[in-house]
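Listed below are the residues making up each chain.
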Amino acid sequence: MKTYCIEDLKPFFIGRGTERMCFRSPSDPRCIVKISPKKHAKQTLREIDYFRFLQKQNVPFHHIPEFKGEVRVKGYVGFEQAAVLDGNDSVSKPLLFYLNMCGNPGRREKDILKKLLTELYQYMYKYNITPCDLNLNNILLNVSKDSYKLVLVDGVGSPFLIPIGQYVKPIGRKRLERKWRQFAKRDILPIFAGSN
Ligand SMILES: Nc1ncnc2c1ncn2[C@@H]1O[C@H](COP(=O)(O)OP(=O)(O)O)[C@@H](O)[C@H]1O
Ligand SMILES: [Mg+2]
């Protein structure tokens, strides 16, 4: 298990949410280190368990970042995962960033977005990926030379004590369908309802 000192991570900071901080790994720029204070580590602990479970099931890490193992940081719980990198090696940006930057997307952009969202959904459905926080900040648009894909970097794993849906696919898929419908209604439909 890799050990980091919080002071060494600080210059590599890339983002933070309510309970978590993310850094580009000082030892490997192709990895991201995510840490939470030990007292507020529920989400991070859940994700570690969930990534281990996916690894055991041989789920391909196509639309979620590959898990690279836990890290040791004094006072924190954390893990490393593959960094989602664009063709120029900079970290990919969330969908929300592009939507805010571009304003109302045109017909072509909407068609591309629809195709990418369908690919993400089909991947999650096929491998029974459990989402707990689908939103436009947790989905990155990965841009390489002439292809795009969406990667869900946060908010996976079941919040339940006994995650039945993880083991019983029809239950997991029902939950995915419900969560995706809520996400689409709240975040996606308003984009497609725009005038272009
Ligand atoms: N694997 C990754 N590759 C590239 N950027 C990432 C990765 N994971 C997280 N990020 C960036 O860091 C931000 C915060 O990470 P996230 O895991 O969503 O943490 P939080 O739980 O604090 O929301 C993301 O919105 C994204 O911009
Ligand atoms: Mg997040």
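Structure shown above.
Values in this document were obtained by computation on a predicted structure and should not be read as measured data.

Caption draft 1: Quick look at the sheet that holds strand 8 (residues 139–144). Reading across from one edge, 7-8-9 is the order of the three strands in this open sheet, with antiparallel pairing throughout. The sheet is open, and its two borders are formed by strand 7 (93–94) and strand 9 (147–152), each paired with just one other strand. Across two bridges, strand 7 lies against strand 8 in antiparallel orientation. Paired with Pro94 across the strands is Leu140, a residue of strand 8. On the sheet, helix 4 (residues 107–126) packs against strand 8 and strand 9 and is oriented at approximately 45° with respect to strand 9.

Caption draft 2: Fine view of the nonpolar core. Ranked by size, the top nonpolar core spans 34 residues in total, and within it Leu54, Ile64, Met124, Ile129, Leu150, Trp180 and Phe183 carry the most contacts. Here this core gathers at least three residues from each of two domains, domain 1 (2–82) and domain 2 (93–192). If near-sequence neighbours (up to four positions away) are discounted, Trp180 is found in contact with Leu117, Leu120, Tyr121, Met124 and Leu134. Counting nine residues, the second-largest nonpolar core is a separate cluster that includes Tyr4, Ile6, Leu9 and Phe23.

Caption draft 3: Molecular detail of helix 3 (residues 95–102). All buried positions along helix 3 are accounted for by Leu95, Tyr98 and Leu99. One face of helix 3 carries all of its buried residues, which in axial projection span an arc of 95°. Across from the buried face of helix 3, at angles greater than 90 degrees, the exposed residues are Asn100 and Met101. Summarising the contacts, the buried residues of helix 3 are in contact with strand 7, helix 4, strand 8, strand 9 and helix 6 (169–192). Just past helix 3, the residue Gly103 takes up positive phi, approximately 70°.

Caption draft 4: Summary view of the pattern of salt bridges. Tallied over the full model, the rule gives nine salt bridges. The partner of Glu70 in a salt bridge is Arg52, with the nearest N and O atoms 2.5 Å apart. Here Glu70, found in strand 5 (residues 67–73), pairs with Arg52, found in helix 2 (residues 42–56); they are 18 residues apart in sequence, far enough to count as distant. Accessibility expressed as a relative area gives 27% for Glu70, which makes it partly exposed. What you see here is one network of salt bridges that share partners, running through Arg20, Glu47 and Asp154.

Caption draft 5: Looking closely at the sheet that holds strand 1 (residues 2–4). The six strands lie next to each other as 1-5-6-4-3-2, forming an open sheet whose pairing is mixed. Edge strands, defined here as strands with exactly one partner in the open sheet, are strand 1 and strand 2 (13–16). Here the strands of the sheet are splayed against their neighbours by 30° on average, with no regard to which way each runs. With six bridges joining them, strand 5 and strand 6 (residues 76–82) adopt antiparallel strand pairing.

Caption draft 6: Focus on the layout of surface pockets. The calculated volume of the largest pocket comes to roughly 590 Å³. Around the largest pocket, the lining comprises 29 residues; the ones closest to its centre are Cys22, Lys34, Asn137, Asn138 and Val153. For the lining of the largest pocket, the elements supplying multiple residues, two or more each, are strand 2, strand 4 (31–37), helix 2, strand 6 and strand 7. Broken down by element, the lining of the largest pocket gets its largest block of residues, three residues, from strand 2. Its residues assigned to classes, the lining of the largest pocket comprises twelve nonpolar, nine polar and eight charged. Each of domain 1 (2–82) and domain 2 (93–192) accounts for three or more of the residues forming the lining of the largest pocket. One number sums up the size of the second largest pocket: a volume of about 360 Å³. Along its surface, the second largest pocket is lined by 16 residues, and Tyr98, Cys102, Glu109, Ile112 and Leu141 are the ones closest to its centre.

Scoring rules and cut-offs
Residues numbered from 1 in each chain as written. Chains lettered and ligands numbered in written order. Predicted model: local features only at pLDDT ≥ 70, side-chain atom pairs only at ≥ 80, totals over all residues. Heavy atoms only, no water. Pairing = 2+ DSSP bridges. Helix = DSSP H or I, 4+ residues; strand = E, 2+ residues; numbered from the N terminus. Contact = heavy atoms within 4.5 Å. Axes fitted to C-alpha atoms, helices over the stretch in contact; angles between N-to-C directions. Core = buried A, V, L, I, M, F, W, Y, C linked by side-chain atoms within 4.5 Å. Buried < 20%, exposed > 50% of the residue type's maximum accessible area, 1.4 Å probe, protein only. Domains from an automatic or database assignment. Arc of directions from axis to C-beta. Salt bridge = Lys/Arg side-chain N within 4 Å of Asp/Glu carboxyl O. 1 Å grid on protein atoms, 1.4 Å probe; cavity = no way out; pocket = protein on both sides within 12 Å on 5 of 7 lines; lining within 4 Å. Points joined across faces, edges and corners; volume = space filled by probe spheres on them. Nonpolar A, V, L, I, M, F, W, Y, C, P; charged D, E, K, R; others polar.

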